[in-house]
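# Inside the fold
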Protein chains: 2
Amino acid sequence: MTDNSEFSVIDRLFRPLAGLTSEARGLRDDVAVLPSDNTHDLVVTTDAMVEGVHFLSTDPLDKVAQKLLRVNLSDLAAKGAVPYGYQLLTAWPHGLPFEAKQTFAKGLKADQARFNVALFGGDTVSTPGPLMVSVTLFGRVAKGQTVARAGAKAGDRVLVSGPIGQGYLGLKVLQGEYPELAAEFKAELVDTYQLPQPRLDMADVVRANAHASMDISDGLVADTGHIAQASRVDIDIDLNRVPTSRAARAAMALGASVLDLISGGDDYQILCTASGERAKALCEAGFVDIGECFPAKSQGQVIVLSDGKPVEIENTGWVHS
Amino acid sequence: MTDNSEFSVIDRLFRPLAGLTSEARGLRDDVAVLPSDNTHDLVVTTDAMVEGVHFLSTDPLDKVAQKLLRVNLSDLAAKGAVPYGYQLLTAWPHGLPFEAKQTFAKGLKADQARFNVALFGGDTVSTPGPLMVSVTLFGRVAKGQTVARAGAKAGDRVLVSGPIGQGYLGLKVLQGEYPELAAEFKAELVDTYQLPQPRLDMADVVRANAHASMDISDGLVADTGHIAQASRVDIDIDLNRVPTSRAARAAMALGASVLDLISGGDDYQILCTASGERAKALCEAGFVDIGECFPAKSQGQVIVLSDGKPVEIENTGWVHS
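The structure displayed is predicted, hence computed values, not measured ones.

Parameters and conventions
- Residues numbered from 1 in each chain as written.
- Chains lettered and ligands numbered in written order.
- Predicted model: local features only at pLDDT ≥ 70, side-chain atom pairs only at ≥ 80, totals over all residues.
- Heavy atoms only, no water.
- Pairing = 2+ DSSP bridges.
- Helix = DSSP H or I, 4+ residues; strand = E, 2+ residues; numbered from the N terminus.
- Axes fitted to C-alpha atoms, helices over the stretch in contact; angles between N-to-C directions.
- Contact = heavy atoms within 4.5 Å.
- Buried area = accessible area lost by both parts, 1.4 Å probe.
- Salt bridge = Lys/Arg side-chain N within 4 Å of Asp/Glu carboxyl O.
- Polar contact = N/O pair within 3.5 Å; in protein donor to acceptor, adjacent residues only side chain to side chain.
- Nonpolar A, V, L, I, M, F, W, Y, C, P; charged D, E, K, R; others polar.
- Parallel < 35°, antiparallel > 145°, perpendicular 65-115°, else oblique.
- Left-handed = near helix turned anticlockwise from the far one by under 90°.
- UniProt positions renumbered as here; feature names shortened; annotations may be inferred.

### Side note on the sheet that holds strand β1 (residues 32-35) of chain B
Residue and element names in this part refer to chain B.
- Taken in spatial order, the five strands line up as β1-β2-β5-β3-β4 in an open sheet, and their pairing is mixed. One side of each edge strand has no neighbouring strand; the edge strands of this open sheet are β1 and β4 (118-127). Recorded for the sheet is a direction-independent mean angle of 20° between the axes of neighbouring strands.
- Relative to strand β5 (residues 132-142), strand β3 (residues 82-93) runs antiparallel, the two sharing nine bridges. Within β5, the residue paired with L89 across the bridge is S134.
- In the packing of helix α2 (residues 61-79) onto the sheet, contacts are made with β2 (40-50), β3 and β5, and the angle to β2 comes to roughly 145°.
- Along the sheet, helix α3 (residues 98-115) contacts β3, β4 and β5; its crossing angle with β3, the most-contacted strand, is approximately 175°.

### Section: the interface of chain A and chain B
- Each partner contributes to the interface: chain A provides 66 residues, whereas chain B provides 66 residues.
- At the boundary of chain A with chain B, total buried surface from both sides reaches about 5,100 Å², with 68% on carbon and sulfur atoms.
- Viewed at the interface, chain B and chain A are joined by zero salt bridges.
- Here chain A and chain B share eleven residue pairs in polar contact (both at pLDDT 80 or more) between them.
- Counting residues per element, the ones that place at least two in the side of chain A that touches chain B are α1 (7-18), β1 (32-35), β2 (40-50), β3 (82-93), α3 (98-115), β4 (118-127) and β5 (132-142) of chain A.
- With ten residues, β4 of chain A is the largest single contributor of residues to the side of chain A that touches chain B.
- For the side of chain A that touches chain B, a count of residues per class yields 34 nonpolar, 22 polar and ten charged.

### What to know about the packing of helix α5 (residues 183-194) of chain B against helix α8 (residues 246-253) of chain B
Residue and element names in this part refer to chain B.
- The interhelical angle for the contact between α5 and α8, taken along N-to-C directions, is 110°, at an axis separation of 9 Å. Comparing their axes, α8 and α5 come out roughly perpendicular. Once α5 is placed against α8, the crossing between them reads as left-handed. Residues F185, E188 and L189 of α5 pack against R246, A247 and A250 of α8.

### Observations regarding the UniProt feature "binding site: Mg(2+) 5" (unreviewed entry) in chain A
- Following the UniProt record, one finds the feature "binding site: Mg(2+) 5" (unreviewed entry) at D218 of chain A.
- Assignment of secondary structure puts D218 of chain A in the loop between β7 (212-215) and α7 (220-231).

### Overview of the pairing of strand β11 (residues 302-306) of chain B
Residues and elements named next belong to chain B.
- Pairing of strand β8 (residues 233-238) with β11 involves four bridges; the strand directions are parallel. Following the sheet pairing, I235 is matched in β11 by V302.
- Bridge analysis of β11 against strand β12 (residues 309-311) gives three bridges, and the strand direction is antiparallel. Residue pairing for β12: V304 is matched across the bridge by V311.
- Adjacent in sequence and paired antiparallel, β11 and β12 are bridged by two residues, among which D307 carries a positive phi angle near 50°.

This is how it looks when you write it as structure tokens:
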């Protein structure tokens, strides 16, 4: 869930600080990978959320806590990892009542039980600014089996684990758009925005079959671009095959653009690539085939096709602002 | 560097979330301890800094970055750990110029080389609030050798690794107090506030000899209390033996109170306990003997003695506000 305008900061300032350590993977993945024991690696991911940027001031704090854990769990799922435990950082606005912090802890408690993780430690501070919370989540994977961003090969199929644009539309509904949408659709979309479902149910099949994998947080097109660049392949996405929900199609009938759905972000589905029997195994597990990898002409780029013709994408990813 | 007013949040809300996992140590230590490989444990600490709370808006950002690494490194030193690598979280205020971020990265680069750590990963976001930065730092210790907060025993000597109150006085000098202080003393105190020296030089001797250990961030009295409570011992500190620098004594001659020095925080010296030959070994390495542990009458408390008489401490620790 990185702010797009920050990619140059990462490229120019932080990548040199990671150097060539195998743990950092050149900051070109969503996780760091450390040894855990003789048979497992420790997978580490950090994601922060700022009030007014990554969640709304009106979002209930138990759901904010759950979303915080879930966006981190989503990274683990895409890497084929099993959740383990986490460090928590909370920066409470001065004067935030104890009851609000209690609500936040209630959300953590519910999702710790649901996803079998425990709090290991962290820090708690106060701030004159907005609420900011961050989790550094640990997961475990059999040694050497962490699925990278950089593994896509020419000829691979491109696969997603579920409907695209749910989170984006949920945010729009909360902001008052599509007032005519049926109440059940509104509830479904808002629920996906506030409480995304990390696809841990897919972690095993991804680890067993995917060449490259990541979770979709910045938007389908932007994150496909991240795999293309990391793997040095070009990728075609067939817009006609991108899965959407009935709720999303109802919103499109009311004016939502499919191009916004594929660049909207906050999906928390898994995007991966695989070929042959392995791609088939992923589809049998519920993945949808939406495109193909080709030898890169340059650094790796994404072309979105609609009815076989390239579509111009103005906004390739979600810029937090 | 936990906000004191947050201890009840940790006790009441977060401790139940840590449960009985061995990694979390009941949130009663400064670090989490995970397996790293068959011979080592991974020691994990998280510390955040907020502009206007933990550093001044006028502090240069390279020094802020260095202090951020160092307050985390200080935790590792007190635990007897060797630094390994870190996750970095930066929340940049909207519109912060690239040059400011570059200065911040320059500070990280300098201290990475000095302390032999690498950046492993993290997250970078933007915020409508003040600058906030956080590090989750990893260190390594031979399996089972991490020195706990909870190991102090009745009869142990209480030892500190160097002068107390330097950081507190440095902050006061930056805020314009003690204008008559000699320039060299001012520089020394400000330097310790802005660029504390994590006592990694003491990590080996602490790991080999200490029963309990932690770094002093909340103030000598408050952190002695943390060891007393975690270990269930009472502790007497002899104020006359608390080491101070020439600069601090000059500030005291100008009105600074020794009681403020021992409650001021931001020391980043190591506070530990040991008995017999082991206490002697620590003193030979440079530690100063300032007190003694006794069987706890209740939950563990600290008494500060001056010329053998108890001194009343109003403010036992630094409350960030």
